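Overview (structure and organization)
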Amino acid sequence: MSQFDPVPIVLDINGTQYRVFAEPRRLLSDVLRDDCGLTGTHVGCEHGVCGACTILLDGAPTRACLTYAVQAQHHEITTIEAFGGDGNLSPVQQALHEEHGLQCGFCTPGIVVTMEAWLAENPDPTDAEIRNALSGNLCRCTGYHNIVAAIAKAAARRREGSPT
Amino acid sequence: MTEGRTIGAALLRREDYRFVTGQGRYLDDVVVPGSLHAHFVRSPHAHARIRSIDVAAARQAEGVVAIVSGRELAEWTTPYRMAPPIEGLRAVGFPTLPIDKVRFIGDPVLCIVARDRYLAEDAAELVTIDYDVLEAVADFDSALAADAPLVDEALPDNLISHQSFTTGDPGRSFAEAEVVVEASFHQQRQTHAPIETRGCCAIWDQGRQHLTMHIGNQVPHPFRTQLAARMRLSESQVTVICPDIGGAFGQKIALYREELTVAALARALRRPVRWREDRAENLIAASHAREDVARTRTAVNGHGRILGLELEISEDFGAYCFYPANYLARVVAMILSGPYRIPNYAYDIKVALTNKCGNGPMRAPMAITSWVMEGTIEAIARRLSLDPVEVRRVNMLGAADLPYQMPTGLLLEDVTPREALERGLQAFDIVAFRARQAADRACGIYRGVGLCCVVESTTYGSAFYKAAGIPGSGHESGWVKIEPSGAVNASVGLMASGQGYETTFAQVVAEPLGVDPNEVRIHMGNTDTAPYGMGSRGARGGTAGGSVLLSAARALSDKVLTIAATLLGLNTSGELRLHASRVERRLGGAWTDAGLSLADVARVAYLDPLRLPPGMEPGLEAHRSYDPPPMTFSNAMHVCEVCVDVPTGKVTVERYLVVEDCGTVLNPLIVRGQQQGAIAMGISGALLEEIVYDENGQNRSGSFADYLLATAVEIPPIEVISQHTVNRKTLTGSKGMSEGGVMGATGAVPSAVNDALAPFGVVAERQPLSPMYIRSLLRGRADRGPGQN
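For clarity, every value in this text was computed on a predicted model and none was experimentally measured.

Examining the overall build of chain B
Secondary structure assignment for chain B yields 21 helices and 30 strands. By principal-axis analysis of the C-alpha atoms, chain B measures approximately 85 × 75 × 50 Å. Taken over 789 residues, chain B has a buried fraction of 58%. Considering only contacts within chain B whose residues lie at least 6 apart along the sequence, 80% involve residues at least 24 apart.

Following this line, the structure appears as structure tokens:
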């Protein structure tokens, strides 16, 4: 059973170093939630389809449920807790609130994380591009209409806020 | 919010901050130190006898604390029994976990409790269960075949429910008809797929002999009633606490066997036990929905007027009845006529048990209704070569016909189907569409428009349940308290799973009390705090919950003003009101501050009660119950434009518009969000979703790669045009909404596809409208040329 024995794992999450002791088979999603207490990352399908567990690994959207915690060492991990926790909502968070782009809220952290990263690379998207980028995040409540409106609004705000 | 109106304001949701920042508290976020994790070993067979179970190796596995089967649970819990006195419905019962026989793939057989979920699943690999595999019944027809294997061996056959009804003289209408039109509608098996799966955490307090159950459930009190009874506890020994719920859609109503097992294990082990099902379990073994076939026969005159209608429904209910098996199809049959005048009507409903996961209500349990009625109208139009819009107009009720007693006795009132129909056609500009459709068709682009006129049954008062032969109450309860500081708390028996109750109900309570809705806190989901209500289901939250809280807040406002009058030395409170957390007095026609705040009055009510009017009880709280009308009805007109790619069979929804009338709206932002969400669920069901069982009862839909949910790419923008015809029988004037969108899309999408494919002379009568199905219709067919609209 030695391959199951816990090993020390060091994770760099939202700029803070977390030292945990976990089995190599433990999913990053579970380690974030259970070992690090960062419960904003939600687990919806555990097979990489629903997108609720999306985090950033070195800035790139990644499914925490398809990643082992041991693999995430030596990478910068960003979770939903990095956004808006101090009361200043990110552009996507603020726009989701204003456009009623969430209902039960379970898929919302994954959408915030995914779209904040995507807007950084795609500052001026069309609605069709937004829908395409959003297609990796399932939402069973909203019908996406208001989420798309929120992302467009957040994109416009980001553009206004940028010096160029 | 001028003049103190808070009902109807488009306030942003106060729930949002915690959700957008990842600080929502869902079940898995509730930390219970020392909790063990449960995992269920499930049947790999659709139908099999359990010969023997060997758990010796599993018991030795690391971290395993207990492994129990149906035998232990039968000692600790009471079996399930569903025996409502309904004609044609068979009583059923089953143990907490199967003891002798499994009835579907995913049926739970053993529960393993271990230190963590990984270890519990490891141990499951070491279990050996010897099964004697039996022949399975995997669909309605084989379930009812002579000599079919029995799903439930306590019953004489698999026909779990059979009911018929006739009103007027359908036979005569068919004899007098110029034509008789037949149509059929096959709705596939679906499942709710909330993004948060089921789960619970049970804590047994041995010293107090008390069970606390943390669970995301739509109906906390009815759930507690069941849980206590099955645990052989009194309702005073059980507290149900609902955290935030990551979607429910009807799946989180029943007390499921897994949840009862977890509670029983927590008591037996005297340790907290928690359970979280994985997605495969949720898709295979939680609860399914729909899978019904409806057939209509319509007696029609040459102008398309319906003289009589006969409906036959056959529903495949799966293996276990967590709800009365007549319930879902019965509602379809009761409201089928919708906005149309149908004098002679008969229905016949058969529901069969099969070796599949048990069915339950899913957002719009009656989802098929409008498709059946509107599809029947379109079949009439095709048969008589009439414009389907004209056939609707010929049969549709107008304002002068209301209130109208539907053929099944329900009273249709305060609805606007004609106005919605015309407004929808105009807003969509159907004339321009027809021109575009014709031009595109010439280039091989096949567009279609689909219409669906919906009458949505909502709220469901107790009188409806009684009349329909469905057990249950339709009442809701609430309380409002003004605390000594003037802070306002309120509670209701409903539980939210995304509907924004914390915002809308604060708006309702705030209005009579003259306070800012942000100062009203709504408490839900804890059965020790919340009053006993029937919970969230059937689009009843806004109307039943809003009405009861309005009633309680008004009662409290009266008391506050009576106290204020006494404090001000007035004989009557008639010229006083509450506004901006202050008492105001009308002097010479103008409202002026009376020098008292709500907090001043509250302080006196609690802390200086000798200043109250003689005989008045100290404190400021009001508790009310409310039983809504037997049924409230919303109505809507859905217009959907699709493009069908003929070579591949792919259907793309290009435009979606709805005119919806749900009466008074508590918060238009939230109502529109519900309507859009419901329509998206309907589109997703019409195009993509399907639980597939093969002929042996093997479930082939165990992942989101197999069970497809619509993404943002498949769902178009959804335009909503609102009408607000007040319901005169509810306190707020609202009717329910949030299921009608599913009904409308379920009807509008196939209607649009049939319009697009009209040149090929084919009619889609099955869902989902998958590329494979569309190609199967088109294979060997060619465009028969213009004029085939």
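That was the structure; now back to the text.
Side note on the sheet that holds strand β27 (residues 621-626) of chain B
Residues and elements named next belong to chain B. Read from one edge of the open sheet, 4 strands run β23-β22-β21-β27, paired in mixed fashion. Looking at strand neighbours, the two that pair on one side only are β23 (520-523) and β27, the edges of this open sheet. Ignoring strand direction, the axes of neighbouring strands in this sheet form an average angle of 15°. Summarising the sheet, strand β22 (residues 488-492) and β23 pair through 4 bridges and their orientation is parallel. Its bridge partner being in β23, Ala-490 is matched across the sheet by Ile-522.

Considering the packing of helix α16 (residues 501-513) of chain B against helix α17 (residues 541-567) of chain B
Residue and element names in this part refer to chain B. The geometry of α16 relative to α17 is characterised by a closest axis approach of 8 Å and an angle of 30° between their N-to-C directions. Taken together, the axes of α16 and α17 lie roughly parallel to each other. In the packing of α16 onto α17, the handedness of the crossing is right-handed. Side by side, α16 and α17 meet where Tyr-501, Thr-504, Phe-505, Val-508, Val-509, Pro-512 and Leu-513 of the first sit next to Gly-541, Gly-542, Gly-545, Gly-546, Leu-549, Leu-550, Ala-553, Arg-554, Leu-556 and Ser-557 of the second. Class assignment of the residues belonging to the contact of α16 with α17 gives a composition of 10 nonpolar, 6 polar and 1 charged.

Concerning the environment of Glu-312 of chain B
Residues and elements named next belong to chain B. Note on placement: Glu-312 falls in strand β16 (residues 306-316). On the neighbour-count criterion, Glu-312 (17 C-beta atoms within 10 Å) is partly exposed. Sequence separation between Glu-312 and Ala-329 is 17 residues, and the spatial gap between their C-alpha atoms is 10.0 Å.

Overview of the domain arrangement of chain B
Residue and element names in this part refer to chain B. One can read the domain layout of chain B as domain 1 (35-134 + 198-276), domain 2 (288-463 + 629-778) and domain 3 (475-626). Distance from the C-alpha centre of domain 2 to the C-alpha centre of domain 3: 40 Å. Every element with two or more residues in the side of domain 2 that touches domain 3 is listed here: β20 (446-458) and α19 (668-687). The residue inventory of the side of domain 2 that touches domain 3, partitioned by class, reads 6 nonpolar, 11 polar and 3 charged.

Comments concerning the confidence of the model for chain B
Of the residues in chain B, 99% have a pLDDT of 70 or more, and the chain-wide mean is 96. Quick note on the complex model: pTM equals 0.97, ipTM equals 0.97.

A closer look at the interface of chain A and chain B
Of the residues lining the interface, 46 residues belong to chain A; the matching set on chain B comes to 43 residues. At the level of elements, α2 (91-98), α3 (108-121), α4 (127-134) and α5 (145-161) of chain A are the ones that each hand at least two residues to the side of chain A that touches chain B. Taken together, the residues that form the side of chain A that touches chain B break down as 21 nonpolar, 18 polar and 7 charged.

Digging into the pairing of strand β21 (residues 476-482) of chain B
All names here are of chain B. Within β21, 6 of the 7 residues are buried, leaving the element largely enclosed by the surrounding structure. As defined by bridge partners, β21 adjoins β27 across 6 bridges and the pair is classed as antiparallel. Counterpart to Ser-477 in the pairing with β27 is Ser-625. In terms of strand pairing, β21 meets β22 through 5 bridges, oriented antiparallel. What sits directly across from Trp-479, in β22, is Ser-491. Here β21 folds back onto β22, and the loop between the two strands holds 5 residues, one of which, Gly-486, carries a positive phi near 95°.

What about the domain arrangement of chain A?
Residue and element names in this part refer to chain A. Splitting chain A by domain gives domain 1 (2-82) and domain 2 (91-161). Contacts between the two partners involve 16 residues from domain 1, matched on the other side by 11 residues from domain 2. Listing elements by their share of the side of domain 1 that touches domain 2, those giving two or more residues are β3 (54-57) and β4 (60-63). Looking at the side of domain 1 that touches domain 2 residue by residue, the classes come out as 9 nonpolar, 7 polar and no charged.

Overview of the pairing of strand β25 (residues 582-587) of chain B
Residues and elements named next belong to chain B. With 4 bridges connecting them, strand β24 (residues 576-579) and β25 associate as antiparallel partners. Counted as the bridge partner of His-579 is Arg-582 from β25. Remark: 2 residues form the turn of the hairpin made by β24 and β25, two consecutive strands paired antiparallel; Ala-580 in that turn has positive phi of roughly 50°. For β25 and strand β26 (residues 590-597), the ladder comprises 6 bridges, and the chain directions are antiparallel. For Arg-586, the partnering residue across the bridge sits in β26 and is Trp-591. Once β25 ends, the chain turns through 2 residues before running back antiparallel as β26, passing Gly-588 with a positive phi of about 60°.

Details of the sheet that holds strand β1 (residues 36-42) of chain B
All names here are of chain B. With mixed pairing, the 7 strands of this open sheet are ordered in space as β3-β7-β1-β14-β11-β12-β13. A single partner strand is all that each edge strand has here, and the edge strands are β3 (64-69) and β13 (238-241). The mean angle between the axes of side-by-side strands here comes to 20°, regardless of whether they run parallel or antiparallel. Relative to strand β12 (residues 210-215), strand β11 (residues 199-205) is paired through 6 bridges, and the arrangement is antiparallel. Within the sheet, the bridge partner assigned to Ala-202 lies in β12 and is Met-213. Running at roughly 30° to β1, helix α4 (residues 117-124) makes contact with β1, β3 and β7 (108-114) of the sheet.

Describing α19 of chain B
Helix length check: α19 of chain B, at 20 residues, gives a terminal C-alpha distance of 28 Å against a target of 28 Å (1.5 Å per residue), a fit within 8%. For α19 of chain B, the buried fraction is high: 18 of the 20 residues fall into the buried class.

Some remarks on the nonpolar core
One finds Ile-112, Ala-202, Val-509, Leu-549 and Val-749 of chain B to be the most contacted residues of the largest nonpolar core, which totals 301 residues. Setting aside residues no more than four positions away along its own chain, Ile-112 of chain B makes contact with His-39, Val-41, Ala-58, Val-64, Ile-67, Ala-120, Ala-123 and Ala-124 of chain B.

Things to note about helix α8 (residues 257-269) of chain B
Residues and elements named next belong to chain B. Its 13 residues place the ends of α8 18 Å apart at the C-alpha level, agreeing with the 18 Å of an ideal helix rising 1.5 Å per residue. Burial within α8 is extensive, with 11 of its 13 residues counted as buried. When α8 is considered as a whole, its buried residues turn out to be Arg-257, Glu-258, Glu-259, Leu-260, Thr-261, Val-262, Ala-263, Ala-264, Leu-265, Ala-266 and Arg-267. Remark: Arg-270 follows α8 within two positions and exhibits a positive phi of approximately 55°.

Focus: the packing of α4 of chain A against α5 of chain A
All names here are of chain A. For the pair α4 and α5, interaxial distance at closest approach is 10 Å and the crossing angle is 115°. In terms of orientation, α4 lies roughly perpendicular with respect to α5. Both α4 and α5 take part in a crossing whose hand is right-handed. Within the contact between the two elements, α4 uses Asp-127, Ile-130, Arg-131 and Leu-134 and α5 uses Ile-147, Val-148, Ile-151 and Ala-152. A breakdown of the residues in the contact of α4 with α5 according to their chemical character gives 6 nonpolar, no polar and 2 charged.

Some details on unusual backbone geometry
Residues and elements named next belong to chain B. At the junction of Leu-402 and Pro-403, the peptide bond is cis and its omega measures out at -10° in the coordinates. Tracing the sequence through the fold places Pro-403 in the loop between α12 (388-395) and β18 (404-405). Residue Gln-767 is joined to Pro-768 through a cis peptide bond whose omega torsion reads 0°. Secondary-structure assignment places Pro-768 in the loop between α20 (740-756) and α21 (771-778). In this structure, Gln-209 takes a positive phi of about 55° despite not being glycine. Summarising the element assignment, Gln-209 is placed in the loop between β11 and β12. Residue Gln-209 is classed as exposed on the basis of its C-beta count, with 11 C-beta atoms lying within 10 Å. One non-glycine residue with positive phi stands out, namely Thr-459, at about 75°. By the element assignment, Thr-459 lies in the loop between β20 and α15 (462-468).

Quick word on the environment of Met-362 of chain B
All names here are of chain B. Its place among the elements puts Met-362 in the loop between β17 (344-352) and α11 (368-384). Met-362 sits in the buried class, given 23 other C-beta atoms within 10 Å. The spatial distance from the C-alpha of Met-362 to the C-alpha of Met-495 is 16 Å, given a sequence separation of 133 residues. Apart from residues no more than four positions distant in its own chain, Met-362 is found in contact with Gln-190, His-192, Phe-249, Gly-250, Ala-289 and Arg-290.

Cut-offs and rules
- Residues numbered from 1 in each chain as written.
- Chains lettered and ligands numbered in written order.
- Predicted model: local features only at pLDDT ≥ 70, side-chain atom pairs only at ≥ 80, totals over all residues.
- Helix = DSSP H or I, 4+ residues; strand = E, 2+ residues; numbered from the N terminus.
- Buried ≥ 20, exposed ≤ 12 C-beta atoms within 10 Å, placed from the backbone.
- Contact = placed C-beta atoms within 7 Å.
- Pairing = 2+ DSSP bridges.
- Axes fitted to C-alpha atoms, helices over the stretch in contact; angles between N-to-C directions.
- Parallel < 35°, antiparallel > 145°, perpendicular 65-115°, else oblique.
- Left-handed = near helix turned anticlockwise from the far one by under 90°.
- Nonpolar A, V, L, I, M, F, W, Y, C, P; charged D, E, K, R; others polar.
- Domains from an automatic or database assignment.
- pLDDT = per-residue confidence, 0-100.
- Expected span 1.5 Å × (residues − 1).
- Core = buried A, V, L, I, M, F, W, Y, C linked by C-beta atoms within 7 Å.

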